[in-house]
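Read off the chains here:
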Amino acid sequence: LHIEHGSYNILLTNGYYLPDISHINEIIISIKAMTPSIHQNYTGKSNQLVLDNFKSIYASGTKVQVETVFIPGLIEEVEIENIANFIAKTDENIPLRIDAYFPVGNSEWPAAENIQVQKAAENARRYLKNVNCLTLDMKRIGEKSVRLY
């Protein structure tokens, strides 16, 4: 698609498995937690491969962004601040987006309140120059994605 259609390709990944990224223009990697036990509790896996892949993506020269989720009672301000600090040690210009968690099904965690997510973003800005947050009251802006195939 990249060559045939001249597309700009963005890969959104949990960071565990990376395909050939030679035709990927930008990668958004989800770093759930820095604390190994928190990451293990939430995902059932170690975070080491995710953190190593983040560093590898950056070293490849591919544009990279990071996203994480504010989950009350699990991934809160301190953990997100640790993620921001980790990213900043690589490059303080790497964008970070913090999403507000919303429960699905019988989730054990409550929805994140807007003020919690905004406070976490404020703290992350101590380390990073480009921090955004997505709260539950935000509306879609812009066009929907277009599927090429």
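Starting afresh in each chain, residues are numbered from 1 along the sequence in its written order. Local features in a predicted model are, by the rule used here, given only for residues with pLDDT of at least 70; side-chain atom pairs are given and counted only at 80 or more, and totals for whole chains, interfaces and linings are based on all residues. Based on all heavy atoms of the structure, the side-chain values leave hydrogens and waters out of the count.

S.K.: Would you mind showing me how to read the packing of aromatic side chains here?
M.R.: The geometry of two aromatic rings is summed up by the distance between their centres and the angle between their planes. Each Phe, Tyr or Trp ring (for Trp, its six-membered ring) is paired with any other whose centre lies within 6.5 Å, and the angle between the two planes then decides the class: stacked below 30 degrees, edge-to-face above 60, tilted in between. Per the stated rule, a full pass over the model turns up 3 aromatic pairs. Ring geometry for Tyr42 against Trp109: centres 5.7 Å apart, planes inclined by 65°, an arrangement best described as edge-to-face. Placement of Tyr42 in helix H2 (residues 36–43) and of Trp109 in the loop between strand E4 (96–100) and helix H5 (114–124) is noted, with a sequence separation of 67 residues between them. The class for Tyr42 is partly exposed, based on a relative accessible area of 26%. Residue exposure (1.4 Å probe, protein chains only): buried if accessible area is under 20% of the type maximum, exposed if over 50%, otherwise partly exposed. Residue Trp109 is classed as buried on the basis of its relative accessible area, which comes to 16%. Pairing Phe54 with Phe86 gives two aromatic rings, centres 5.4 Å apart and planes at 50°, and the pair type is tilted. Here Phe86 lies in helix H4 (residues 77–90) and Phe54 lies in helix H3 (residues 48–60), a separation of 32 residues in the sequence. Residue classification places Phe86 among the buried positions, given a relative accessible area of 12%. Among the aromatic side chains, those forming a connected cluster through ring pairs are Tyr42, Tyr101 and Trp109. Working rule: Lys NZ or Arg CZ, within 6 Å of ring centre, within 35 degrees of ring normal, means a charge sits over the ring. Its guanidinium or amino end placed over the ring of Tyr16, Lys45 lies 5.0 Å from that ring's centre, counting from NZ or CZ. In this description a helix means any DSSP run of H or I spanning at least four residues, a strand means any run of E spanning at least two, and both kinds are numbered starting from the N terminus.

S.K.: Any chance you could explain the sheet that holds strand E3 (residues 63–70) here in plain terms?
M.R.: By definition, the strands of a sheet pair up through backbone hydrogen bonds, in either a parallel or an antiparallel sense. What makes two strands pair is DSSP finding at least two bridges between them. Read across the open sheet, the 5 strands follow the order E1-E2-E3-E4-E5; overall the sheet is parallel. At either margin of the open sheet sits one strand with a lone partner, and together these are strand E1 (10–13) and strand E5 (131–134). Mean inter-strand twist for the sheet, computed between neighbouring axes without regard to direction, equals 20°. Taken together, the 4 bridges between E4 and E5 define a ladder with parallel strand orientation. Opposite Ile98, over in E5, you have Cys133 as the bridge partner. The strands that H3 touches are strand E2 (26–30) and E3; relative to E2, the one it contacts most, it runs at about 160°. As a rule, the C-alpha atoms of each element are fitted with a line to give its axis, helices using only the stretch in contact, and angles between N-to-C directions run from 0 to 180 degrees. Note on definitions: a residue-residue contact is assigned when non-hydrogen atoms from the two residues lie within 4.5 Å.

S.K.: Is there a simple way to explain the environment of Ala121 in this structure?
M.R.: Within the fold, Ala121 resides in helix H5. Along the backbone, Ala121 and Ala59 are 62 residues apart, and their C-alpha atoms lie at a distance of 26 Å. In this structure, Ala121 is in contact with Ile98, Val131 and Cys133, ignoring residues within four places of it in sequence.

S.K.: Looking at this structure, how should I read the packing of H4 against H5?
M.R.: Helix packing geometry: the angle between the two helix axes and the distance between the axes. Close contact between H4 and H5 brings their axes to 9 Å; oriented N to C, the two are set at 35°. Regarding H4 and H5, the two cross each other, and that crossing is right-handed. In this structure, H4 uses Glu77, Ile80, Glu81 and Ala84 to contact H5, whose residues at the interface are Lys119, Ala120, Asn123 and Ala124. For this classification, the nonpolar set comprises Ala, Val, Leu, Ile, Met, Phe, Trp, Tyr, Cys and Pro, the charged set comprises Asp, Glu, Lys and Arg, and every other residue, Gly included, is treated as polar. Residues belonging to the contact of H4 with H5 are distributed by class as follows: 4 nonpolar, 1 polar and 3 charged. In this scheme the crossing of two helices becomes right-handed for a clockwise turn of the near helix relative to the far one and left-handed for an anticlockwise turn of less than a right angle.

S.K.: Is there a simple way to explain the pattern of salt bridges in this structure?
M.R.: Where charged atoms from two side chains of opposite charge come close, those side chains can pair. When a carboxyl oxygen of Asp or Glu is within 4 Å of a side-chain nitrogen of Lys or Arg, the pair counts as a salt bridge. Counting across every chain of the model gives 6 salt bridges. As a salt-bridge pair, Arg97 and Asp99 come within 2.6 Å of each other at their nearest N and O atoms. Asp99 gets classed as buried once you look at its relative accessible area, which sits at 13%. One connected set of salt bridges, linked through shared partners, spans Glu67, Arg97 and Asp99.

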